[in-house]
Amino acid sequence: MAELRLIAAAAAAVLAVGVARADAPHAGITPPAGWRALPAVAAAIAAGAKADGVVVEGTEAWGDPGRGCFATWLALRGAGPATAEQVVASLAGTPVHDVAPTAGSVTLAFEHPPFHGKLHAQLAGDAVRALACFGDGREPAACDAACAAVSTR
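Scoring rules and cut-offs
- Note that residues are indexed from 1 along each chain, following the sequence as it is written.
- Note on the predicted model: pLDDT of at least 70 is required for a residue's local features to be given, and 80 or more for side-chain atom pairs to be given and counted; whole-chain, interface and lining totals, by contrast, use all residues.
- Each side-chain value is derived from all of the structure's non-hydrogen atoms; neither hydrogens nor water enter the calculation.
- Two cysteine sulfurs form a disulfide in these notes if their separation is within 2.5 Å.
- Put simply, DSSP H or I for four residues or longer makes a helix, DSSP E for two residues or longer makes a strand, and each gets a number counted from the N terminus.
- Accessible area is worked out with a 1.4 Å probe on protein chains only. A residue is then buried under 20% of its type maximum, exposed over 50%, and partly exposed in between.
- pLDDT: the predictor's confidence for each residue, scored from 0 to 100.
- Whether two residues are in contact is decided by their heavy atoms, any of which lying within 4.5 Å being enough.
- Counting of polar contacts relies on pairs of N or O atoms within 3.5 Å, with two restrictions inside protein: one atom must be capable of donating a hydrogen and the other of accepting it, and residues adjacent in sequence are counted only when both atoms are side-chain atoms.

**Some words on the state of the cysteines**
So, step 1. Enumeration according to the criterion identifies 2 disulfides in this entry.
So, step 2. Bridging Cys69 to Cys143, the disulfide has an S-S length of 1.9 Å. Measuring the twist about the S-S bond at about -85 degrees, one finds the Cys69-Cys143 disulfide to be left-handed. Residue Cys69 is located in strand β3 (residues 69–77), and its partner Cys143 is located in helix α4 (residues 140–151); the two are separated by 74 residues in the primary sequence.
So, step 3. Accessibility expressed as a relative area gives 3% for Cys143, which makes it buried.
So, step 4. In this model, Cys133 is linked to Cys147 through a disulfide, with the two sulfur atoms separated by 2.1 Å. Between Cys133 and Cys147, the S-S dihedral sits near -80 degrees, and the bridge is therefore left-handed. Residue Cys133 is found in strand β7 (residues 127–135), and its partner Cys147 is found in helix α4; the two are separated by 14 residues along the sequence. Accessibility assignment for this pair places Cys133 and Cys147 in one class, buried.
So, step 5. By sequence order of its bonded cysteines, the chain has the disulfide arrangement 1-3, 2-4.

Okay, structure coming up:
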C-alpha cells in the first residue's frame, strides 16, 4: 500500500505523460464546474502505484490548475486484505492528521507542502478505492469548497 502516498506526490508533479486505459474502472465523480480532466496526472499516479503484488485498476485526476485545486482517484488491488493502518502507513513521509477509520474505510487529512487536503479510501477485501482532494494554497477557500463538493458526490 506504499503506493498510495503517490496520490499527493504525483499530483504535485503534474508533469507526466500517458493516458488512462479505456477499459479501466471509473470513479463516477463529476468534478466541479471549471475543473478539467488531467490525464497526465492520472498516468503518473498509475505509474507510481505499480508494485509487486499490486494491480492498478484505474486512475483519474481533475483540477483547476489556475486556482491550484486538484482531485485524484485511484483503484487498486493488492495481494491481501487492505486495512486502514496500511493506507495510513502508505503515506509515510507525508504528515497526516484527523485519521478516522471506520468499517471498510478511512478518512484523513494530509500535508504535502505546498499541498494540503483530504483523502478517503474505501477498503473491500484486497481492493482499495482512494479519492484525494487538495489545494496548493493559492486559493484555499475555493479549493476547500470544491473539495467538499467532490467528496460528497
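**Digging into the confidence of the model for the chain**
So, step 1. Averaged over all residues, the pLDDT of the chain equals 83, while 82% of them reach at least 70.
So, step 2. Between residues 1–21, whose pLDDT stays under 50, and residues either more than four places distant or in other chains, the model counts 55 contacts.

**Section: the side chain of Asp136**
So, step 1. Turning to its location among the elements, Asp136 is positioned in the loop between β7 and α4.
So, step 2. Side chain to side chain, Asp136 and Arg138 meet in a polar contact 2.3 Å long.
So, step 3. Excluding anything up to four places from it in sequence, Asp136 contacts Arg67, Gly68, Pro114 and Phe115.

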